[in-house]
Structures are given as C-alpha cells and as structure tokens.
Amino acid sequence: MSNFRGKLLLVEDEPAIGEALHFNLESEGFEVDWKRDGLTAFDALCSDANRYDAVILDLMLPHVSGLEILARIRPLAERLPILVLSARSLDADKVKALELGADDYVTKPFSLHELILRAHGLVKRGQWSRESQRNAIETFKLGSAEFSPGTYSVLAASGETIKITPTEMLLAKTFASNPGRVLSRQELLESVWQYSSGTETRTVDVFVAKLRRYIDTSTGTSVIETIRGLGYLYNPTPGTAS
Ligand code: CA
C-alpha cells in the first residue's frame, strides 16, 4: 500500500457504524483491525498494543466497556493515541474518558469526514512521539516541571516522575514554546489535536487541568493562566504581569 497511513484498532459493536468506519478508513490508507466487542479488543491490546498506531474506541460495548479498557490499557501503553466514540453526550462521560487517558472524543452521530481528520491527527501525534523518542529531543521546562520527550515522562513540581501521553507532551511543548502569549482553545486544538472544529474546546480544558497537576506546586498561582474569554497563557513567573 503506497499511501499507508498507519494501523488502527477500531472497537465498535454496531455493525453499520463499524462497517462505514472500516471501509472509509481503509480507503484513506489506514490498515484497520476491527473488533466488535470489548473482550477481543482488550485481548488484542494486551497481547501487543505496539502494533497499533492509534485506537478508535466505542464506550458502550459488550463484555468490557470502553472506559474499562481505557483504565486498564493506559498504564500499559501510555503512548498509544486513543480516540473515544460514544453515543452519550453527557459531559461527565467525556471528562471521565479524557481523565482515564483518552486523547480525543467524538460524540455520535459524527461526520465521517470529521472522524477521518481526527484519525489523521491521532496517528500524526503518535508518529511525533516516536520521532521525538528516537531523536531524544531536548528536555524543556514548564513552570518548575521538567519534560523529557525522549522518555515521555515529566519530573513534576511534586518531585515525582510521571509517564505522560504524546498529547500531554505536545500540549506542554506548545505552551513552553509560547511564553507570554495568549493561546486560544482553537489554536491549541489546531496545533496539538490538528483540527479546529471549535466544538471540542472542553477537551482542551481537561488537558490543561491535567498539565497543571504536573507543573504547579500546591500553593500559589498556576503558571498557565486562564484568560477569560480568550484562552490560556503561559506565564513563567506567575503573580507578575506577563
Ligand atoms: Ca456501542
């Protein structure tokens, strides 16, 4: 396949949606391994998560739920990009999935075009992660935390070393490269998630909240300030005007 884009694990129990995704993603150059229930998906990930470039995971599945798969797989495969699909539009489920380590979230019904764009973004982030590991890209600081793209870890402000996902690393890198500049949620979606539908800004908020847990000490203001109505700003010296 000359236009091979990467290998995806698709976990979807609804035949019509699964077939449409399988067909369209393969037409886009992805190789798709389609699993129809949570248990076989879980087995496929446990036996070798590294064979996949990204996962598209439905939440409501027979046998093992998508949230359960996320909770168990994320600690074993922190670099695997995961996009969650769900019919539930409840904000709580979305936040829960992101908290458990999903990189992105799409609520059904979704447009195929939109989903394919996101799949490309997911796979690109995974590739960025492998490249940065190979090239051992220099460590960088955000607040008092030190990020190491080569090992996908952060020496947090708490003194703890924590493994993080490529999406978290890329978001940290984006802030670190733009001190003193207001970054809108839109801009962050474009540079990190590589799409700008404008509807998923909540995703950005959940990821910024995660980042703050690594970079801020428990006291004092965050080095990533929320600028009301505009977005976020990395202020390396919080408490002072930037
Ligand atoms: Ca389902």
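Residues numbered from 1 in each chain as written. Predicted model: local features only at pLDDT ≥ 70, side-chain atom pairs only at ≥ 80, totals over all residues. Heavy atoms only, no water.

### Here we look at the coordination of the calcium ion
- The coordination sphere of the calcium ion, as far as protein atoms go, consists of Asp 13 (OD), Asp 58 (OD) and Met 60 (O), spread over 2.1 to 2.3 Å.
- We note that the donor set of the calcium ion lies within a single chain, spaced as D-x44-D-x1-M. Within this pair, whereas Asp 13 is found in the loop between β1 (6-11) and α1 (15-27), its partner Met 60 is found in the loop between β3 (54-58) and α3 (66-73), the two being separated by 47 residues in sequence. (Donors = N, O, S within 2.8 Å, 3.2 Å for Na, K, Ca; no water. Helix = DSSP H or I, 4+ residues; strand = E, 2+ residues; numbered from the N terminus.)

### Focus on the pattern of salt bridges
- Considering all chains together, one arrives at 14 salt bridges under this definition.
- As a salt-bridge pair, Glu 68 and Arg 72 come within 3.1 Å of each other at their nearest N and O atoms. Here Glu 68 pairs with Arg 72, and both are found in helix α3, just four residues apart, close to one helical turn.
- Looking at Glu 68, the relative accessible area reads 35%, which means it is partly exposed.
- Take Arg 72: its relative accessible area is 43%, and that puts it in the partly exposed class. (Salt bridge = Lys/Arg side-chain N within 4 Å of Asp/Glu carboxyl O. Buried < 20%, exposed > 50% of the residue type's maximum accessible area, 1.4 Å probe, protein only.)

### Examining unusual backbone geometry
- Cis geometry marks the peptide bond from Lys 108 to Pro 109; its omega dihedral reads -5°.
- Mapped onto the secondary structure, Pro 109 falls in the loop between β5 (104-107) and α5 (112-134).
- Despite not being glycine, His 63 shows a phi value in the positive range, around 75°.
- Within the secondary structure, His 63 sits in the loop between β3 and α3.
- Look at His 63 and you get exposed, because its relative accessible area is 65%.
- Phi is positive for Tyr 152, close to 55°, though the residue is something other than glycine.
- For Tyr 152, the location among the structural elements is in the loop between β7 (145-148) and β8 (153-155).
- Judged by its relative accessible area of 0%, Tyr 152 falls in the buried class.

### Thoughts on the sheet that holds strand β9 (residues 161-163)
- The antiparallel open sheet is built from four strands, whose spatial order is β6-β7-β8-β9. Edge positions in the sheet fall to β6 (140-142) and β9, since each of these pairs with one other strand and no more. Neighbour-to-neighbour, the strand axes of this sheet turn through a mean angle of 30°, independent of strand direction.
- Of the pairings in the sheet, the one linking β7 to β8 comprises three bridges and is antiparallel in character. Among the inter-strand pairings, Glu 146 is bridged to a residue of β8, identified as Leu 155.
- Against the sheet, helix α6 (residues 166-176) contacts β6, β7 and β8, and its axis sits at roughly 80° relative to β6.
- Against the sheet, helix α8 (residues 201-215) engages β6, β7, β8 and β9, with an angle of about 115° to β7. (Pairing = 2+ DSSP bridges. Axes fitted to C-alpha atoms, helices over the stretch in contact; angles between N-to-C directions. Contact = heavy atoms within 4.5 Å.)

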